[in-house]
Amino acid sequence: DADKAVNAAVQAVFPKSEHFWCLWHIAKNLLKNLVKIAPNAWNTFRSQFYRCQRQTSKRIFSKLWLQILQDYPQYAVYLNK
């Protein structure tokens, strides 16, 4: 979940690998940080987010991600961190 020490260790031990963040931790952090910003938008955002994160195509993922940022500007500052 974005731990700098873990990221550095993975890079040092497995230099050819890519380190991906745990989707469970991402979802937990989204709930913790976004629902308080705009509680009424949370359920529709969550549906769009899960649809986006399940994509296997980079092109479709990118299209859906940009749509999320456009549809939920109140969440965009956090999402762009």
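Definitions and cut-offs
- Residues numbered from 1 in each chain as written.
- Predicted model: local features only at pLDDT ≥ 70, side-chain atom pairs only at ≥ 80, totals over all residues.
- Heavy atoms only, no water.
- pLDDT = per-residue confidence, 0-100.
- Helix = DSSP H or I, 4+ residues; strand = E, 2+ residues; numbered from the N terminus.
- Expected span 1.5 Å × (residues − 1).
- Buried < 20%, exposed > 50% of the residue type's maximum accessible area, 1.4 Å probe, protein only.
- Arc of directions from axis to C-beta.
- Contact = heavy atoms within 4.5 Å.
- Axes fitted to C-alpha atoms, helices over the stretch in contact; angles between N-to-C directions.
- Parallel < 35°, antiparallel > 145°, perpendicular 65-115°, else oblique.
- Left-handed = near helix turned anticlockwise from the far one by under 90°.
- Nonpolar A, V, L, I, M, F, W, Y, C, P; charged D, E, K, R; others polar.

Novice: Give a description of the confidence of the model for the protein chain that names residues and reports values.
Specialist: Chain-level statistics for the protein chain give a pLDDT mean of 91 and a share of 96% at 70 or above. Within the protein chain, no element has a lower average pLDDT than helix 1 (residues 4-13), which sits at 86, and none a higher one than helix 4 (residues 58-71), at 97.

Novice: Which residues make up helix 2 (residues 23-34), and what values go with them?
Specialist: Taking 1.5 Å per residue, twelve residues should reach 16 Å; helix 2 reaches 16 Å between its end C-alpha atoms and fits that length. Along helix 2, the residues that are buried comprise A27, L30, N33 and L34. Axial view of helix 2: buried residues confined to an arc of 145 degrees, hence all on one face. For helix 2, the exposed residues set more than 90 degrees away from the buried face come down to W24 and K32. Turning to helix 2, the residues buried within the fold contact helix 3 (42-53) and helix 5 (73-79).

Novice: I'd like a rundown of the packing of helix 3 against helix 4, residues and numbers included.
Specialist: Running from N to C, helix 3 and helix 4 point in directions that differ by 160 degrees, and their axes come no closer than 9 Å. For the element pair helix 3 / helix 4, the angle class is roughly antiparallel. In this structure, helix 3 crosses over helix 4, and the sense of that crossing is left-handed. In this structure, helix 3 contributes F45, Q48, F49, R51, C52 and Q53 to the contact, and helix 4 contributes F61, L64, W65, Q67, I68 and D71. Residue classes in the contact of helix 3 with helix 4 are distributed as seven nonpolar, three polar and two charged.

Novice: Describe in detail the environment of K63, supporting the description with residues and values.
Specialist: Mapped onto the secondary structure, K63 falls in helix 4. Put simply, K63 and C52 are eleven residues apart on the chain and 8.7 Å apart in space, counted from C-alpha to C-alpha.

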